[in-house]
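What follows is the residue order along each chain.
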Amino acid sequence: MAKMTKRTECFMARTIGFIGLGLMGRGMARTLIRKGHRVSLYNRTRAKAEEVASLGGKVAATPAEAAREAEVVFTMVSDPPALFEVVESKDGILDTIRPGAVVIDSSTVSPQATLRVAERLKAKGASMLDAPVFGSKNEAESGQLGFMIGGDRKVFDSVQDLFEGCLGKSARYIGPQGMGAYAKLVFNLTICIMLQGLNEGLTLAAKAGIDPGLMYDVLMGGRAKAGIFEFKGPSVLQRDFTPFFPLKLMNKDLKLALDAAHALAVPMPALAAIKEVFSSAMAAGQAEEDFSSTIKVLERQAGVEVKRRS
Ligand code: NAP
């Protein structure tokens, strides 16, 4: 019998299926368990579900089993094919989802993938919210994520208790189905363009002979200061590329953002250029490193290392 921890702040205990216990899903599921929800845990690699279940909850053998009793099912998987796999394949959520249940997909996927899955769930009498997140594994573990929500406003209101004050510090309703997915792509393309600016600036500084650490401090003392620089700058300058957000997943997001931009005929020259930097990093074997390791692409070409000296 798995150990159950003391319930803390969430308003009502719910029966929840949680599918996808990777870097992010693990922390989210653990937060739900800590806050007193009954959670059925599925992960393709079962050992990860067993590890989370040591805190509470029970392990499900399939997505269908995780969804069978659930009033709410979270999905937190890599990409659109993974979402289709856990929803539509044999033993997927669609096999057992209850009429009236709400599927909350927090994966970063395309708006088209969201619409496809929502349609299939609707045919079973269930609803879906696209609810991608910002924040990383630490925020998932501490219930401090930011959510961007697409879907029916009434459905969102009916599960609000699971967002602010439980898994998240904020949950913004963006608009109808798919709008959360669009907002997430906009979020990620924006931070990548910003980070590329910092990377280029620090690489030039290093090549010119300025201590990159000193240059970073100067930038952060002026109008260039930004949250993403605060988050990634110190670890880059210490050469620590431990994955908070693996480069391969950000590469996927930039591709989805470019696809969305092409479909809507929006020119995105900076995004197109940065996608090339990500492709170079992938080709150089950096897929599993944090996405901030794209600076190595510039460093290789410039023949310098961006490291704090003092
Ligand atoms: P991750 O650690 O790579 O976990 C991916 C999860 O998806 C794992 O549970 C994996 O199962 C599962 N999965 C992959 N392919 C599958 C398939 N075909 N069938 C079933 N399950 C499959 O990724 P993560 O960092 O948790 O990210 C999850 C999602 O959140 C992604 O869409 C990512 O873009 C987004 N996101 C991540 C961050 C971040 O900082 N990491 C922040 C915001 C949003 P296995 O364990 O068996 O591989």
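Computed from a predicted model, the values in this text were never measured in an experiment. (Residues numbered from 1 in each chain as written. Predicted model: local features only at pLDDT ≥ 70, side-chain atom pairs only at ≥ 80, totals over all residues. Heavy atoms only, no water.)

1. What about the overall build of the protein?
No. 1: Looking only at helices and strands, the protein has 13 helices and 9 strands in total.
No. 2: Computed over C-alpha atoms, the radius of gyration of the protein comes to 20 Å, within 12% of the 19 Å expected from 2.2 N^0.38 for 310 residues, which places it in the range of a compact globule.
No. 3: Oriented by its inertia axes, the alpha-carbon framework of the protein measures out at about 65 × 45 × 35 Å.
No. 4: Burial analysis of the protein (310 residues in total) assigns 53% to the buried set.
No. 5: At a minimum sequence separation of 6, the contacts of the protein that also span at least 24 residues come to 70%.
No. 6: As displayed, the protein has an accessible area near 13900 Å², and 56% of this comes from carbon and sulfur atoms. (Helix = DSSP H or I, 4+ residues; strand = E, 2+ residues; numbered from the N terminus. Rg over C-alpha atoms; globule rule 2.2 N^0.38 Å. Buried < 20%, exposed > 50% of the residue type's maximum accessible area, 1.4 Å probe, protein only. Contact = heavy atoms within 4.5 Å. Areas by Shrake-Rupley, 256 points an atom, 1.4 Å probe, with all protein chains shown as cover.)

2. What about the domain arrangement of the protein?
No. 1: Assigned domains of the protein: these are domain 1 (3–177) and domain 2 (185–302).
No. 2: On a C-alpha basis, the centroid separation for the pair domain 1 and domain 2 is 29 Å.
No. 3: The interface is formed by 13 residues belonging to domain 1 together with 11 residues belonging to domain 2.
No. 4: When domain 1 packs against domain 2, close to 920 Å² is buried across both sides, 72% of that on carbon and sulfur atoms.
No. 5: Our count for the domain 1 to domain 2 interface comes out at 0 salt bridges. (Domains from an automatic or database assignment. Buried area = accessible area lost by both parts, 1.4 Å probe. Salt bridge = Lys/Arg side-chain N within 4 Å of Asp/Glu carboxyl O.)

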